[in-house]
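Coordinate inspection notes
What follows is the residue order along each chain.
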Amino acid sequence: MTDERSPLEAEIRRLIAVAGPMPIADYMRLCLTHPQYGYYLTREPIGAAGDFITAPEISQMFGELIGLWMAAVWQQMGAPENVRIVELGPGRGTLMADALRAAKTVKNFHAAIVLHLVEISPKLQEMQEQRLEGLGVPILWHAALADVPTGPAFIVANEFIDALPVHQAVKQADGWHERVVEVASDGDLVIGAARDPLPHFEATLPRGLRQSPEGSIYEWRSDAIALEIGRRVRADGVALIVDYGHARQGLGETLQAVAGHSFTNPLRAPGHADITAHVDFAALAQSAEIIGGRIHGPVSQGDFLQRLGIEKRADALKARAAPEKAAEIDSALARLTAGGPKGMGEMFKVLAIADPKFGPLPGFETRSRTET
Ligand code: SAH
């Protein structure tokens, strides 16, 4: 057992021995982004040979529709001569390659763009470069959104927020305790609760979740990214966030680990599996709104893509495709838009955060998020 421990597991055990039980958020952060051993720094996670598949990897239609969406919103902005497109966690660069190819026909759009890619993985950065350099658009890479210069911008994030660390707390008789990773008496890493309760924690919870029964678990993320996005777009910009998660706040924990396209225990083999948790869209929207962004959605991914015309796009692709390809296009369409456990259509949601000067945006209802 000891021999099979990854260097990251040894490091985590060392940190626990020195500093005591480790909050789940710190554990998740180390697993994903430890500079030497983190999952995203050592692996090529996405694709058939990786650990999971994302919407842009399922079909070119996903990125194409987002490209046309950006071009339409750019025209709504008054077609400014300079606009940044910022993508958070671009993976293999597929979404942006499809997006910019599709939007090429929109007059002057390409000439206005500088692409800023926020990526921590050197391997993925290399793939993005290969994928995107032929587009003729200037590209800059950054380690964090905070490093991207401000100014009119689109910010796009597909399956990025779900990889940001979550905290969890469990309700006990004397209050809410942060959930931590610790070493059990048999030597295994296990999840426990910090000894002392979090001070005044209940008051920070959504009203309906206060006074929850003992044993309840609440999960949350730092609102730093939502505030950073909101602050940027409120002065001429729009962010489009696509991820899996829930539109209403609730109790429960959603931490999950995936390796080789199967679920695995997040505490086993740290650094070898992708660890994510649902995005709490209500919390994200609230923070972005507090700082001045206007919220559109969230709407389901299925509805969003249908409103942008994915079915027509699929028909157009099928008309040009060989018969065996047509079935592939149909199955990609179903996977991206269908509800239920197999489709991404309901589980995934789309939220836009925009400068309040924008009216309704394509793909979203005009009603506010509280009515959806
Ligand atoms: N958007 C892509 C990839 C999603 S996977 C797609 O849909 O296919 C998550 C991406 O975010 C990867 O590119 C990963 O390297 C990057 N990433 C994860 N955590 C990050 C962080 N804290 N800072 C910057 N990039 C991060």
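Residues numbered from 1 in each chain as written. Predicted model: local features only at pLDDT ≥ 70, side-chain atom pairs only at ≥ 80, totals over all residues. Heavy atoms only, no water.

**Structural notes on the overall build of the protein chain**
The secondary structure content of the protein chain amounts to 13 helices and 16 strands. Computed over the C-alpha atoms, the radius of gyration of the protein chain is 21 Å, within 12% of the 21 Å expected from 2.2 N^0.38 for a compact globule of 372 residues. Its C-alpha atoms give the protein chain principal-axis dimensions of about 65 × 45 × 40 Å. Counting across all 372 residues of the protein chain, residues that qualify as buried make up 52%. In the protein chain, 75% of the contacts between residues at least 6 apart in sequence involve partners at least 24 apart. (Helix = DSSP H or I, 4+ residues; strand = E, 2+ residues; numbered from the N terminus. Rg over C-alpha atoms; globule rule 2.2 N^0.38 Å. Buried < 20%, exposed > 50% of the residue type's maximum accessible area, 1.4 Å probe, protein only. Contact = heavy atoms within 4.5 Å.)

**Here we look at the pattern of salt bridges**
This structure, assessed with the given rule, holds 16 salt bridges. One salt bridge in this structure joins Glu-328 and Lys-325, with 3.6 Å as the shortest N-O distance. With Glu-328 and Lys-325 both in helix H13 (residues 323-337), this residue pair falls three residues apart, about one helical turn. Each member of the salt-bridge network shares a partner with another, and the members are Glu-64, Asp-98, Arg-101 and Arg-313. (Salt bridge = Lys/Arg side-chain N within 4 Å of Asp/Glu carboxyl O.)

**Some points on the confidence of the model for the protein chain**
In this model, the protein chain carries a mean pLDDT of 94, and residues with pLDDT of at least 70 account for 97%. Every residue in residues 367-372 scores below 50 in pLDDT, and together they form nine contacts with partners more than four places removed in sequence or on other chains. (pLDDT = per-residue confidence, 0-100.)

**Remarks on the site of the ligand**
Taken together, 16 residues sit near the ligand, with Thr-54, Gly-89, Gly-91, Glu-119 and Asn-158 positioned nearest. Gly-91 has a polar backbone atom sitting 3.0 Å from an oxygen atom of the ligand. Expressed as a share of its isolated accessible area of 570 Å², the protein-covered part of the ligand is 94%. Here the residues of the shell around the ligand sort into nine nonpolar, five polar and two charged. (Near = heavy atom within 4 Å. Polar contact = N/O pair within 3.5 Å; in protein donor to acceptor, adjacent residues only side chain to side chain. Areas by Shrake-Rupley, 256 points an atom, 1.4 Å probe, with all protein chains shown as cover. Nonpolar A, V, L, I, M, F, W, Y, C, P; charged D, E, K, R; others polar.)

**Comments concerning helix H6 (residues 94-102)**
Burial within H6 is extensive, with eight of its nine residues counted as buried. Taken residue by residue, H6 has Thr-94, Leu-95, Met-96, Ala-97, Asp-98, Ala-99, Leu-100 and Ala-102 as its buried positions.

**Notes on the side chain of Thr-94**
Tracing the backbone shows Thr-94 in helix H6. A residue is classified by how much of its surface remains accessible, and Thr-94, at 6% relative accessible area, is buried. Side-chain polar atoms of Thr-94 contact the side chain of Arg-131, separated by 2.8 Å. Not counting the four nearest positions on each side in its chain, Thr-94 is found in contact with Pro-56, Glu-57 and Arg-131.

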